[in-house]
Amino acid sequence: MAAATKVPASYAPIDEAPPPPIARPRVVIVATAFASAGCIMFFAGLIGIYLTERATVLGDSGTWLPDKSNFPLTQPNVMLLALLCSSVMVQWAVDAIRRDDRPQAFMALGLTLVFGLAVVNMAAYLFAVLNVDIATKSLVPVLVYTIAGAHILMLVGAMIFTGLMAFRALGGQFTSRQHDGVSAAAMFWHAQVVVFVFIWYAIYITK
Amino acid sequence: MLRSRMFTPGFKLYFGVFAFLLAGAMAVGISSEIQHFKTVREALDYQGVIYTFTGPISLGWKGAVGNHIGYTVMLVGAIVAAFLAFVLIAFRDADPEAAAQVVQLDSVPLTKAPAGANYLPILSAFALALIGIGWISSKPMFYAGIALLVSLMATWTVRAWAERATGDDEVNFQIYHRIIDPVRIPVLAVLLIGFVVFGLSRLILAAPNKNTSSIIFGTAAILFFAGVMIVYLFPHFSRSLTIAFVTIGALAILGLGIWGLAHGERSPEEHGGTTSGEVTPTEGGLAPITVGVSH
């Protein structure tokens, strides 16, 4: 920031200051697209390693999943459905803010966060019932917990991003003229949903 | 002269990356599958032409894919490149006419230059490193890193908002300090006092005896008073002197405090022995209990 003038901060002439210039559009959206691409490539590498190790073990006529492990479908299916619903919610928020419908935008953003919390809750339950001991010789526990845990981190990051944009929307910073922040948060949310679709198929469906 | 084009340069770049990675994924999937055979003809004769190609094309559903890691990474890379190409052309990135049309202006708005130096990114990186190290070694360090990261994020948010509050950079600066100083100054003061007290206490406790501890304490007090007096007596150089004294003092306390921690505290001094007839209290101040064995 520029050096302070002799006028103390308590007397800052806010009323006389010119209005802020309009920000260049689409910058945040493109940046978020690149960040999403980086995250997706990270999971591509992890899932690639998982599939390779699985193919190697199965090719040697071995058993991939450890004994006594439990890979149910109920919890992952509920997580997938919740994430798909949350994608609809966050896109509803973008549509609402684009039409200057602020109450609907706040409701949609809030519901998105609720769905995110529900997914985190179900993930915790899933980890409790997996019955996979990380101290075994098998690579399955390490890979499964790494991939699933990394997705939870990405989900938490998406929730923080969405929460921050909801806070800015509450402050009146987004309108039909400029709503890049909400669109960017929606894009990152969709990216983490797509990541979970890959995880759901690669780990919980193929087993 | 910049003018709008149907296919933007960004789209062309990432579409090329998409095509390259897609071809690469097919090549990796097919070549790694047939590498077990001596020749390509032998592989095609053994498993058929259609089977050899349907594996990579159907994402491994109707055939085999040799190297899973290479195929997966390149295929997902191709998908991601296609996504980026779509985003860049859908949102008309680097197209000034489209950007101006979105915000309903005659020309594209100028980007805002950074207003002054910002140390928050590097401090945030330090907080992340603290979290990572604390996760492995020390719980207090882990929680300290999280607290530092949360406070830095809040400060950065306020600063980013204040930089765009009005069109005057000086007014924005004053707004930022009006909001952040009532919180930042007391918190930093408490942390600084805690740092000085903890560092000096480690040094004093590591001294070999009580007299040395008194000398250290007195010397620190005299140096602090002398520094304050010098800053007061030379007001023209007060800012530079303050920065110099604070930096030297912080480094000295840090270095000596680390030395004191590594050296360890001295053993407690004796406070005189007990006389006959007095009962020596046990731990917790309770009277000693003797248990006898009956025969």
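Predicted, not measured: the structure shown is a model, and the values here were computed from it.

Conventions and cut-offs
Residues numbered from 1 in each chain as written. Chains lettered and ligands numbered in written order. Predicted model: local features only at pLDDT ≥ 70, side-chain atom pairs only at ≥ 80, totals over all residues. Heavy atoms only, no water. Helix = DSSP H or I, 4+ residues; strand = E, 2+ residues; numbered from the N terminus. Buried < 20%, exposed > 50% of the residue type's maximum accessible area, 1.4 Å probe, protein only. Contact = heavy atoms within 4.5 Å. Areas by Shrake-Rupley, 256 points an atom, 1.4 Å probe, with all protein chains shown as cover. Phe/Tyr/Trp six-rings, centres within 6.5 Å; stacked < 30°, edge-to-face > 60°. Lys NZ or Arg CZ within 6 Å of the ring centre and 35° of its normal. pLDDT = per-residue confidence, 0-100. Core = buried A, V, L, I, M, F, W, Y, C linked by side-chain atoms within 4.5 Å. Buried area = accessible area lost by both parts, 1.4 Å probe. Salt bridge = Lys/Arg side-chain N within 4 Å of Asp/Glu carboxyl O. Polar contact = N/O pair within 3.5 Å; in protein donor to acceptor, adjacent residues only side chain to side chain. Expected span 1.5 Å × (residues − 1). Lys, Arg positive; Asp, Glu negative; His and termini not counted. Axes fitted to C-alpha atoms, helices over the stretch in contact; angles between N-to-C directions. Parallel < 35°, antiparallel > 145°, perpendicular 65-115°, else oblique. Left-handed = near helix turned anticlockwise from the far one by under 90°.

## Brief notes about the overall build of chain B
Helix and strand counts for chain B come out as 10 helices and 0 strands. Mapped from its N terminus to its C terminus, chain B presents α and β elements in the order α-α-α-α-α-α-α-α-α-α. Across the 295 residues of chain B, 26% fall into the buried class. A fraction of 54% describes how many contacts in chain B between residues 6 or more apart in sequence connect residues 24 or more apart. For chain B, the accessible surface area stands at approximately 20,600 Å², while carbon and sulfur atoms represent 71% of it.

## Some details on the packing of aromatic side chains
Taken as a whole, this structure holds 10 aromatic pairs over all chains when the rule is applied. Between F127(A) and Y145(A), the ring centres sit 5.8 Å apart and the planes meet at 80 degrees, which makes this aromatic pair edge-to-face. Of this pair, F127(A) sits in helix α3 (residues 102–129) while Y145(A) sits in helix α4 (residues 140–170); the two residues are 18 residues apart in sequence, bridging distant segments of the chain. Its relative accessible area of 25% is what places Y145(A) among the partly exposed residues. When the centroid spacing of 5.2 Å and the interplanar angle of 20 degrees are considered together, the rings of F7(B) and F11(B) count as stacked. Among the residues examined, F7(B) registers a relative accessible area of 38% and is labelled partly exposed. Exposure remark for F11(B): the relative accessible area of 17% places this residue in the buried category. A network of ring pairs unites the aromatic residues F7(B), F11(B), F15(B) and F18(B) as a single cluster. Against the face of Y176(B) rests R159(B), its NZ or CZ located 5.9 Å from the ring centre.

## Considering the confidence of the model for chain B
Atom-level detail of predicted coordinates should not be read off regions where pLDDT is low. Residues and elements named next belong to chain B. The share of residues in chain B with pLDDT of 70 or more is 89%, and the mean pLDDT across the chain is 82. Note that residues 274–278 has pLDDT below 50 and, in this model, 1 contact with residues that lie over four places away or in other chains. Interface confidence in the predicted complex, given as ipTM, is 0.78; pTM for the same model is 0.75.

## Here's the deal with the environment of E265(B)
All names here are of chain B. Take E265: it is sitting in the segment after α10 (238–263). Overall, the relative accessible area of 52% leaves E265 in the exposed class. Between the alpha carbons of E265 and A117 there is a distance of 42 Å; along the sequence they are 148 residues apart. The contact partners of E265, leaving out residues within four places of it in the chain, are R202 and L205.

## Considering the nonpolar core
Core analysis: the largest hydrophobic core is formed by 66 residues, its most contacted members being F71(A), I199(A) and I203(A). Elements that contribute at least two residues to this core include exactly α1 (27–59), α2 (74–98), α3, α4 and α5 (180–205) of chain A together with α1 (9–34) and α4 (68–90) of chain B. Among the elements that line this core, the one with the most residues is α5(A), at 15 residues. For I203(A), the residues in contact, after removing those within four places along its chain, are Y50(A), F71(A), V144(A) and I147(A).

## Examining the interface of chain B and chain A
Between chain B and chain A, the residue contacts involve 44 residues of the former and 42 residues of the latter. Taken over both partners, the interface formed by chain B and chain A buries close to 3,700 Å², and the fraction arising from carbon and sulfur atoms is 74%. Along the contact surface separating chain B from chain A lie 0 salt bridges. Put simply, chain B and chain A have 4 residue pairs in polar contact (both at pLDDT 80 or more) between them.

## A closer look at α10(B)
Residue and element names in this part refer to chain B. Taking 1.5 Å of rise per residue, the 26 residues of α10 would be expected to cover 38 Å, and the 36 Å separating its terminal C-alpha atoms lies within 8% of that figure. Buried within α10 we find I253, G257 and G260. Against the buried residues of α10 lie α8 (169–206). Of the residues trailing α10, G264 is marked for its positive phi of about 90 degrees.

## Here's the deal with the side chain of S183(A)
Residue and element names in this part refer to chain A. As for its position among the elements, S183 is in helix α5. Accessibility expressed as a relative area gives 12% for S183, which makes it buried. Sequence-distant contacts of S183, defined by excluding residues within four places in its chain, comprise I29 and V94.

## Here we look at unusual backbone geometry
All names here are of chain A. Despite not being glycine, D100 shows a phi value in the positive range, around 60 degrees. Among the secondary structure elements, D100 is positioned in the loop between α2 and α3. When its relative accessible area of 42% is taken as the criterion, D100 is described as partly exposed. Phi at N131 is positive, roughly 55 degrees, even though this residue is not glycine.

## A word on α1(A)
Residues spaced three or four apart along an α-helix face the same direction, because each turn holds 3.6 residues. Taking 1.5 Å as the rise per residue, α1(A) with 33 residues should run 48 Å; its terminal C-alpha atoms sit 48 Å apart, in good agreement. Positioned one or two residues after α1(A), S61(A) has a phi angle of 60 degrees, which is positive.

## A look at the side chain of D180(A)
All names here are of chain A. Residue position: D180 is located in helix α5. Salt bridges are absent for the buried D180, whose nearest opposite-charge side chain, R26, sits at 4.1 Å. With near-sequence residues (within four places) excluded, D180 lies in contact with R24, P25, R26, V27, V28 and I29.

## Focus on the confidence of the model for chain A
For chain A, the average pLDDT comes to 88, and 94% of its residues sit at 70 or higher. Across chain A, α2(A) holds the top mean pLDDT of 95, while α1(A) sits lowest at 91.

## Let's talk about the packing of α8(B) against helix α9 (residues 210–233) of chain B
Residues and elements named next belong to chain B. Where α8 contacts α9, the two axes come as close as 8 Å, and the packing angle between them is 150 degrees. Looking at the two axes, α8 sits roughly antiparallel to α9. Here the hand of the crossing between α8 and α9 comes out right-handed. Along its contact with α8, which presents L200, L203 and I204, the element α9 presents S213, I216, F217 and A220.

## Quick notes on the pattern of salt bridges
Side chains that carry opposite charge are capable of pairing whenever their charged atoms lie near each other. Residues and elements named next belong to chain B. Under the definition given, this model contains 5 salt bridges over all chains. Across the pair R159 and E163 runs a salt bridge, and its minimum N-O distance is 3.1 Å. Of this pair, R159 and E163 both sit in helix α7 (residues 139–163), 4 residues apart, roughly one helical turn. The exposure classification of R159 matches that of E163, with both residues buried. As a salt-bridge pair, D181 and R184 come within 3.4 Å of each other at their nearest N and O atoms. Of this pair, D181 and R184 both sit in helix α8, 3 residues apart, which is roughly one turn of the helix. You can call D181 partly exposed: its relative accessible area is 22%. Overall, the relative accessible area of 29% leaves R184 in the partly exposed class.

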